[in-house]
Protein chains: 2
Amino acid sequence: MELLECCAPLAREPIGAEQSGAVARVFKALGDPVRLRILSIVASHVDGEACVCDLSAAFDLSQPTISHHLKVLKDVGLLTSERRASWVYYRVVPERLAELSALLSLPAGVSGAVS
Amino acid sequence: MELLECCAPLAREPIGAEQSGAVARVFKALGDPVRLRILSIVASHVDGEACVCDLSAAFDLSQPTISHHLKVLKDVGLLTSERRASWVYYRVVPERLAELSALLSLPAGVSGAVS
DNA sequence: TCCGGCCATCGATGTGTGTCAATATAGACG
DNA sequence: CGTCTATATTGACACACATCGATGGCCGGA
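Residues numbered from 1 in each chain as written. Chains lettered and ligands numbered in written order. Predicted model: local features only at pLDDT ≥ 70, side-chain atom pairs only at ≥ 80, totals over all residues.

## Focus on the interface of chain B and chain A
Put simply, the rule is: Here, residue contact means that the backbone-derived C-beta atoms of the two residues sit within 7 Å. Runs of H or I in DSSP of at least four residues are treated as helices and runs of E of at least two as strands, each being numbered from the N terminus.
With 39 residues of chain B at the interface, the matching set in chain A holds 39 residues. Contributing elements (two or more residues each) for the side of chain B that touches chain A: α1 (17–30), α2 (33–44), β3 (87–92) and α5 (94–104) of chain B.

Printed below as a string of structure tokens:
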């Protein structure tokens, strides 16, 4: 999963019809309470990584469900995974979060403030 | 639709189970290509507002479908609407975008950079 | 080599959602 | 009041998705 290649804020110029699909996929991945919490837990975890066992323990959900959510977040480039011994560790991709944050930022003077 | 009341970045501390639901609703609204383009068109429009006729002309979709997407964006507080004469004008809520942008921002030193 | 723990994949199921045509509502204008 | 335009609501339908149990794959230890 490469960069979104459209880091101009949404409020600066209309997003293209093609790019909107790629961006929407990432936001859709964030549009679930469980995935939001997973991302937040991983991001704020010590060493910036967490194994599936850590995550499963934080939810009242089955292990396949957690694994499914992790796959969704990984497929859109928000997480990466690495296997060490029996455990699989997940980390956030900071560039990805930064991209989204920049996309939602306000280009200094929106909402008709400049009169 | 009030503030999300949880402006600490996701990467700073795990988001609460309750707040994650409210935040996920907003991201879910952004998780559609059409809604992303609508939001971007409205935000980058002159005077920061656009009527439904402007938006309908930008898509190859039926008018009810556009109206539906506008309602979704409005329900999560990303847009406001105002009726003037026969037309309804939509504007973005900059605070809402700023909230989300802050939520995705990186708290200076994620991904274990500090060693 | 076998067993047990960790994680991913598969198949099924109920629920949510994007879309449309049809209809309703609201305002402008005769 | 009647009609036309602009927008919202309703009902229906196909599709996507979150969740689970069952199963499979991978690895370490005995």
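## Considering the protein's contact with DNA strand D
Rules: In this text, near has one meaning. A residue is near a molecule or strand if its C-beta atom, placed using the backbone, is within 6 Å of it. Gly falls in the polar group here, along with every residue not listed as nonpolar (Ala, Val, Leu, Ile, Met, Phe, Trp, Tyr, Cys, Pro) or charged (Asp, Glu, Lys, Arg).
Neighbouring residues of DNA strand D: 23 residues in total, closest S62, P64 and T65 of chain A together with C53 and P64 of chain B. It is helix α4 (residues 63–75) of chain B that provides the largest number of residues to the surface near DNA strand D, a total of six residues. Residues that form the surface near DNA strand D fall into these classes: 11 nonpolar, 10 polar and two charged.

## Some points on the sheet that holds strand β2 (residues 79–84) of chain A
Residue and element names in this part refer to chain A. Put simply, the rule is: Strands are treated as partners if at least two bridges between them are detected by DSSP. Angular values range over 0 to 180 degrees, each being the angle between N-to-C directions of two axes fitted as lines to C-alpha atoms, with helices fitted over their stretch in contact.
Spatial strand order, β1-β3-β2: three strands in an open sheet with antiparallel pairing. Each edge of the open sheet is held by one strand with a lone partner, namely β1 (49–51) and β2. With direction set aside, neighbouring strand axes in the sheet form an average angle of 30°. Relative to strand β3 (residues 87–92), β2 is paired through six bridges, and the arrangement is antiparallel. What sits directly across from T80, in β3, is R91. Sheet contacts for helix α2 (residues 33–43): β1, β2 and β3; angle to β3, the most-contacted strand, approximately 95°.

## Here we look at the relation of the copies chain B and chain A
A rotation about some axis, followed by a shift along it, carries one copy of the chain onto the other. Spelled out, the test is: Least squares is used to superpose the copies, and the fit set is the C-alpha atoms of residues whose pLDDT is at least 70 in both copies.
Overlaying chain B with chain A gives an RMSD of 0.0 Å, the required rotation being 180° about an axis along which the chain moves by 0.0 Å. What the rotation and shift describe, once combined, is the action of a two-fold rotation axis. Residue S101 of chain B, judged by its C-alpha, is the member of chain B lying nearest the rotation axis, at 2.2 Å. A shared interface surface links the copies, since 100% of the contact residues of chain B are contact residues in chain A too.

## Thoughts on the pairing of β3 of chain A
The sheet contact formed by β1 of chain A and β3 of chain A spans three bridges and is antiparallel. Note that in β3 of chain A the partner of C51 of chain A across the bridge is Y89 of chain A.

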